[in-house]
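Chain residues, written in single-letter form:
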Amino acid sequence: MTEKLTDLPQWKALEAHHAEFDKVNLRELFDTDPGRAERYFAQAGDLSVDYSKHLVSDETLRLLLDLAKARGVFELRDRMFAGEKVNLTEDRAVLHVALRAPATERIEVDGEDVVPAVHEVLHRMSAFASRVRSGEWTGATGKRIKTVVNIGIGGSDLGPAMAYEALRAYTKRDMQFRFVSNVDGADLYEATQDLDPEETLFVVSSKTFTTVETITNATSAKKWLLAGLGGDEAAIAKHFVAVSTNDKAVAEFGIDTENMFGFWDWVGGRYSYDSAIGLSLMIAIGPERFEEMLGGFHTVDQHFRTAPAERNLPLLMGLIGLWYRDFWDAQTLAVLPYSHYLSKFTAYLQQLDMESNGKSTRRDGEPVEWETGPIVWGTPGTNGQHAYYQLIHQGTALIPADFIGFDRAIEGTDPFGQQDALMANFFAQTEALAFGKTREQVQAEGVPAAQVPHRTFRGNHPTTTLTAPRLTPSVLGQLVALYEHKVFVQGAVWDIDSFDQWGVELGKVLAKKIEPELSSGGELHHDSSTNAAIERYRGDRAAK
């Protein structure tokens, strides 16, 4: 059994430090340290991160780094990059970093170099994407494909859907791309109701090709296609491709296994959109842009692997987040991108972070006795400013926030010159959250006395300011890798397996049992509440 986190002298030192630090104000920290903004700043690739507006000092950072060393974060990182089986409960390597490794690198799993296989799949993806984009690949009636519908769930949907929205400005504009994940039939209906089956290609993403939601939607999509093409089963092979490893199930579905793109059990779903799971994205942005994105991932992989601890961005962000979660009782983390194109980015991070570190069992099977993963939430600015920012500014909860912005708009996407207005809000919000507005300042403005308490802002709300020159495929890869490795750091310190997701399974197992009961009318054997709810559902359906 490993030593408990809370028994470590490094942990106890942080507790004592927090007790002294609890009343410190960001105004004071900046007043007493004129060089703070310059020192609490680091870069990785195109990413610039200012963490000076956090409730930390040199001593805080030193103690946090001491804790990371004591928990073996660097050793676990190196074991992950070396292909060791750091996913303990599934006895698997964790090698999403291999998905973006250059062909010249060598990364082994069980003595086998996996990099050549990765590049073989990328080559096949590139050839297929190019055929679809050029019109060489046609549907069963000879018409070119105009719409690609990605069918997946979890990482097989959130990743490519997020990246498609983020990189929409780089996509092939004479094609449409849609993403279906919800087993609610309305999702597939809305995705297909205005499409021409002759011009539609479905990408079905399921490693085992047994994922209930995905196969349910894929089967319904097949029915839709056949209804529109006169029932010719041979048409399936021209309108469906698979991202899977289950040749038999794919072939039984009617997909030509020549058009099946595989990946490996060392790729977790939430880490997978830079694998074959990103096939629909590659069709959208083209193989060259996809390769640029992989290069961005690799840039931050190398930074995480080699940068000194005091300048290592994933390490610093992970430890600062842990500081708030475990010592300040911050329940949540707001991620606030000031980019319309990053509309799905925070939703993507929800799975990455909460599925990875939403754990209460240590790697050795013992219960966790400290706080683990935060609730991740947020939407793009400036919309959020007119919704929940009120709570961040003047509510009672401490909510650390990551602000993500860009120096320049994507070329051609800001014809009326609104980028400065957007970024003025970006910078203003981090300043306002940090320093607030004192009672004296409000009174000096002549505000009526009764309103002064309501218009006073205490400030002291911590934020990270993360910027890049422009949102490009490479920068998106860098951003995602930054958060991937940040999550890794926190899981390593918390002594949890960040790479399994057993919590996803129980409800799905019960759903398989309940589904036939909804129409059978047979006896129920659940708890009284669930039995009553099912009975009401049966009654309502029968009445209609």
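Above: the structure in question.
These numbers come from a predicted model, not from an experiment.

Participant: Help me understand the overall build of the protein in this model?
Facilitator: In terms of helices and strands, the protein carries 21 helices and 13 strands. Relative to the globule expectation of 24 Å for 544 residues, the C-alpha radius of gyration of the protein, 25 Å, shows essentially globular dimensions. Considered along the principal axes of its C-alpha atoms, the protein spans approximately 75 × 60 × 60 Å. When the 544 residues of the protein are sorted by exposure, 54% land in the buried category. Within the protein, residue pairs in contact and separated by at least 24 positions form 73% of the contacts whose partners lie at least 6 positions apart. Working note: accessible area of the protein is about 23400 Å², and carbon and sulfur atoms make up 50% of it.

Participant: Looking at this model, I keep getting lost on the sheet that holds strand E2 (residues 47-50). Mind explaining?
Facilitator: Backbone-to-backbone hydrogen bonds join strands into a sheet, with any given pair of strands oriented parallel or antiparallel. Strand order in the open sheet formed by six strands is E1-E2-E13-E12-E10-E11, and the pairing between neighbours is mixed. Strand pairing shows two members of the sheet lacking a second neighbour, strand E1 (41-44) and strand E11 (375-377), which therefore form its edges. Sheet twist, expressed as the mean angle between neighbouring strand axes with direction ignored, is 20°.

Participant: Even after reading the chapter, I still don't get the pattern of salt bridges, so can you show me in this structure?
Facilitator: Following the criterion strictly, the structure yields 32 salt bridges and no others. A salt bridge links Asp194 to Arg178; its shortest N-O distance comes to 2.6 Å. Residue Asp194 is found in the loop between helix H8 (185-192) and strand E7 (200-205), and its partner Arg178 is found in strand E6 (residues 176-180); the two are separated by 16 residues along the sequence. You can call Asp194 partly exposed: its relative accessible area is 47%. A salt bridge links Arg270 to Glu355; its shortest N-O distance comes to 2.9 Å.

Participant: Is there a simple way to explain helix H7 (residues 155-166) in this structure?
Facilitator: Note on helix geometry: an α-helix contains 3.6 residues per turn, so any two residues three or four positions apart are oriented the same way. If you check H7, its first and last C-alpha atoms are 16 Å apart, about what 12 residues at 1.5 Å a residue would give, namely 16 Å. The buried count for H7 comes to 11 of 12 residues, which makes it a mostly enclosed element. Turning to H7, its buried residues number three or more, namely Gly155, Ser156, Asp157, Gly159, Pro160, Ala161, Met162, Ala163, Tyr164, Glu165 and Ala166. Looking at the buried residues of H7, the elements they touch are strand E5 (147-151), E6, E7, helix H12 (279-285), helix H15 (345-357) and helix H19 (473-494).

Participant: Looking at this model, I keep getting lost on the packing of H15 against H19. Mind explaining?
Facilitator: Between two packed helices, what matters for the description is the angle formed by their axes and the separation of those axes. Put simply, H15 and H19 touch, their axes get as near as 10 Å, and they point 20° apart. On the basis of their axis angle, the class for H15 and H19 is roughly parallel. The chirality of how H15 crosses H19 is right-handed. Contacts between H15 and H19 involve Phe345, Tyr348, Leu349, Leu352, Asp353, Ser356 and Asn357 on the former and, on the latter, Leu479, Val480, Tyr483, Glu484, Lys486, Val487, Gln490, Gly491 and Trp494.

Participant: Explanation requested: the environment of Ile255 in the structure shown.
Facilitator: For Ile255, the location among the structural elements is in the loop between helix H11 (247-253) and strand E9 (260-261). Since its relative accessible area comes to 3%, Ile255 is described here as buried. Residues Ile255 and Ile236 lie 19 residues apart in sequence; the distance between their C-alpha atoms is 6.3 Å. Discounting residues that sit within four places of it in the chain, Ile255 has contacts with Phe209, Ile236, Phe240, Val241, Ala242 and Val250.

Participant: Before we go on, may I ask you to explain the sheet that holds E9 in this structure?
Facilitator: Here we have five strands laid out as an open sheet, ordered E6-E5-E7-E8-E9, and parallel in their pairing. The strands lining the two open edges of the sheet, one partner per strand, are E6 and E9. This element, H7, spans E5, E6 and E7 of the sheet and lies at about 150° to E6. Across the sheet, H8 is in contact with E6 and E7; its angle to E6 comes to roughly 170°.

Participant: Just checking my understanding: could you explain the pairing of strand E8 (residues 240-243) for this structure?
Facilitator: On a regular strand, one side chain projects to one face of the sheet and the next to the other, so that they alternate. Burial along E8 is two-sided: the residues Phe240 and Ala242 and Val241 and Val243 are all buried. Where E7 meets E8, four bridges bridge the pair, whose relative direction is parallel. Pairing of Val204 across the sheet is with Ala242, part of E8. Inspection of the sheet shows E8 paired to E9 by two bridges, in the parallel sense. Bridging across to E9, Val243 finds its partner in Phe261.

Participant: Help me understand the packing of aromatic side chains, please; the structure alone is not making it clear to me.
Facilitator: The description of an aromatic ring pair rests on the distance of the ring centres and on the angle between the ring planes. By the definition in use, this model includes 30 aromatic pairs. A centroid spacing of 5.1 Å and a plane angle of 85° characterise the contact between Phe426 and Phe427, whose relative ring orientation is edge-to-face. Look at Phe426 and you get buried, because its relative accessible area is 0%. We classify Phe427 as partly exposed; its relative accessible area is 45%. Over the ring of Phe253 we find Lys222, and its NZ or CZ is 4.1 Å from the ring centre. Its guanidinium or amino end placed over the ring of Trp137, Lys238 lies 4.3 Å from that ring's centre, counting from NZ or CZ.

Participant: Any chance you could explain unusual backbone geometry here in plain terms?
Facilitator: Leaving glycine aside, a negative phi is the common case for residues, and trans is the common case for peptide bonds. For the bond from Gly381 to Thr382, the omega torsion is 15°, close enough to zero to count as cis. As for its placement among the helices and strands, Thr382 is situated in the loop between E11 and helix H16 (389-394). For Asn460, which is not glycine, the phi torsion reads 70° and is therefore positive. On the secondary structure map, Asn460 appears in the loop between helix H18 (439-444) and strand E13 (463-468). When its relative accessible area of 14% is taken as the criterion, Asn460 is described as buried. Phi angles above zero are rare outside glycine, and Asp495 is one such case at about 65°. Within the secondary structure layout, Asp495 lies in the loop between H19 and helix H20 (505-520). The exposure class of Asp495 is buried, given its relative accessible area of 4%.

Participant: Quick question: what am I supposed to make of helix H5 (residues 73-81) here?
Facilitator: All of the buried residues along H5 are Val73, Phe74, Leu76, Arg77, Met80 and Phe81. One face of H5 carries all of its buried residues, which in axial projection span an arc of 165°. Considering only its buried residues, H5 is in contact with helix H4 (58-70), helix H13 (287-306), helix H14 (313-327) and H19. One or two residues past the end of H5 sits Gly83, with phi positive at roughly 85°.

Rules of the game
Residues numbered from 1 in each chain as written. Predicted model: local features only at pLDDT ≥ 70, side-chain atom pairs only at ≥ 80, totals over all residues. Heavy atoms only, no water. Helix = DSSP H or I, 4+ residues; strand = E, 2+ residues; numbered from the N terminus. Rg over C-alpha atoms; globule rule 2.2 N^0.38 Å. Buried < 20%, exposed > 50% of the residue type's maximum accessible area, 1.4 Å probe, protein only. Contact = heavy atoms within 4.5 Å. Areas by Shrake-Rupley, 256 points an atom, 1.4 Å probe, with all protein chains shown as cover. Pairing = 2+ DSSP bridges. Axes fitted to C-alpha atoms, helices over the stretch in contact; angles between N-to-C directions. Salt bridge = Lys/Arg side-chain N within 4 Å of Asp/Glu carboxyl O. Expected span 1.5 Å × (residues − 1). Parallel < 35°, antiparallel > 145°, perpendicular 65-115°, else oblique. Left-handed = near helix turned anticlockwise from the far one by under 90°. Phe/Tyr/Trp six-rings, centres within 6.5 Å; stacked < 30°, edge-to-face > 60°. Lys NZ or Arg CZ within 6 Å of the ring centre and 35° of its normal. Arc of directions from axis to C-beta.

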